[in-house]
Amino acid sequence: MNEKLLPKGGEKMRVAIIGCGGQGRIHANAYAQLNGVKIVGCCDVVEERAKELADKFGAKAFNNYATMLETVRPDIVSVCTVEGQHAEITIAALKAGSHVLCEKMLAATLDEAKAMVETAQKVGRILATQFNYRHIPSVRWLKNLLDKGFIGEPLLVTMMTHGYCHHHGIDLLRFLFGEIVSVQATLRGDRSEVPYKGFKDGISDDLLYIPSRAMGALAYFERGFVGVLASSIRHQVTDFMLELHLLTDKGRIALRRMRNANICGELDTNLDLQNLPPFPEPVPFSETFAPSVHAFVAAVKGEPVTIAKGEDGLRAMKIEHALVVANRTGQIVQID
Ligand SMILES: NC(=O)c1ccc[n+]([C@@H]2O[C@H](COP(=O)([O-])OP(=O)(O)OC[C@H]3O[C@@H](n4cnc5c(N)ncnc54)[C@H](O)[C@@H]3O)[C@@H](O)[C@H]2O)c1
């Protein structure tokens, strides 16, 4: 246990939610499932939203995050506003002494994300990025097989995503296969084709975030193999979110049509997996959020869990930036 990061005397960890929209409610429900944690503050500029969530969990409602941080002094803060406000709020919460779980993407610009990561390092608090796709059971299953060497050395990975999931896909590739060091890319369409305004507001033009009509890209991994990435917002989101195909020196393994109703997707392989852990049962996408929030709480307690840190959020953004530059220049772009 990391005692210096915990409340004294075995008290419950105090959690505050900033941004009580869709994700704020999901984070709050996930914290509420844990013993040893209590929600003490909910903040939204729309007061009724803050009040509704606060009332549900017996917390105090606020319409100003700075006032809330000063009043309730949370150990943990979830930042669930849209991207344009992540940096300011996260930095304030870190400086107030809280550990922060920030929704993806980490920030609206690279400079903001760097400032967030630097602040967390300076004040000695944990900054995590909500990359919940890491908690998809079939992704965990595949990672276990890869890490234990059961399915051989990757030679080629191909990943197709719905545009909404592309940035999660980037993080998944790093989670499963290690660092991406350079990219090439071709993009078609522009941000005006992305339907939901919240996905565009304030986000730098230098970041891809959500590919519109089509993205085709090559990702070069530190370990020497190549990834082929394809993404489009024109998929039907209820029908398709993500698909991953892996060729190793032993054979072929694919997680097909991971989707809202069954985010594990279907296993398709020519490998003999008979004596290996079984492929997980189907789960809906909605069940990926709570495990990610719970892992963050465990990390704050000092338990030996791996979480997506602020550094992972920043790296994903650097890859987004490299994809934009690669499309603009037609060159292979190295990522520093
Ligand atoms: N991890 C995932 O799979 C996933 C899924 C959906 C959305 N997200 C991310 O979650 C974040 C929030 O998305 P959402 O869909 O919940 O948005 P939302 O619009 O439903 O909620 C955002 C809330 O923040 C409030 N808000 C705005 N400025 C504020 C401020 N200064 N202080 C306090 N509250 C403020 C808004 O009033 C709103 O209620 C985004 O970064 C989005 O990309 C992640």
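Our subject is the structure listed above.
Here the structure is a predicted model, which is why all the values come from computation and not from measurement.

Conventions used here
Residues numbered from 1 in each chain as written. Predicted model: local features only at pLDDT ≥ 70, side-chain atom pairs only at ≥ 80, totals over all residues. Heavy atoms only, no water. Phe/Tyr/Trp six-rings, centres within 6.5 Å; stacked < 30°, edge-to-face > 60°. Helix = DSSP H or I, 4+ residues; strand = E, 2+ residues; numbered from the N terminus. Buried < 20%, exposed > 50% of the residue type's maximum accessible area, 1.4 Å probe, protein only. Pairing = 2+ DSSP bridges. Contact = heavy atoms within 4.5 Å. Axes fitted to C-alpha atoms, helices over the stretch in contact; angles between N-to-C directions.

Chemist: What is the right way to look at the packing of aromatic side chains in this model?
Modeler: Two numbers describe a pair of aromatic rings. These are the distance of the centres and the angle of the planes. With the rule as written, the count across this model stands at 6 aromatic pairs. With a centroid separation of 6.1 Å and 80 degrees between ring planes, the pair formed by Phe177 and Phe221 is classed as edge-to-face. Here Phe221 lies in strand E9 (residues 214-221) and Phe177 lies in helix H7 (residues 166-177), a separation of 44 residues in the sequence. By relative accessible area, which is 1% here, Phe177 ends up buried. Relative to Phe289, the ring of Phe285 lies with its centre 5.2 Å away and its plane at 70 degrees, an arrangement referred to as edge-to-face.

Chemist: Please clarify how the sheet that holds strand E7 (residues 154-162) should be interpreted in this entry.
Modeler: Adjacent strands of a sheet form backbone hydrogen bonds with each other and so pair up, either parallel or antiparallel. Strand order in the open sheet formed by 8 strands is E13-E12-E11-E7-E10-E9-E8-E14, with mixed pairing between adjacent strands. The open sheet terminates on both sides in strands that have one partner only, identified here as strand E13 (266-269) and strand E14 (333-334). Alignment of strand E8 (residues 180-188) against E9, held across 8 bridges, turns out to be antiparallel. By the bridge assignment, Ser182 is partnered in E9 with Tyr220. This element, H7, spans E7, E8, E9, strand E10 (226-232) and strand E11 (242-248) of the sheet and lies at about 160 degrees to E7. In the packing of helix H9 (residues 310-329) onto the sheet, contacts are made with E8, E9 and E14, and the angle to E8 comes to roughly 50 degrees.

Keep in mind these values describe shape, not function.
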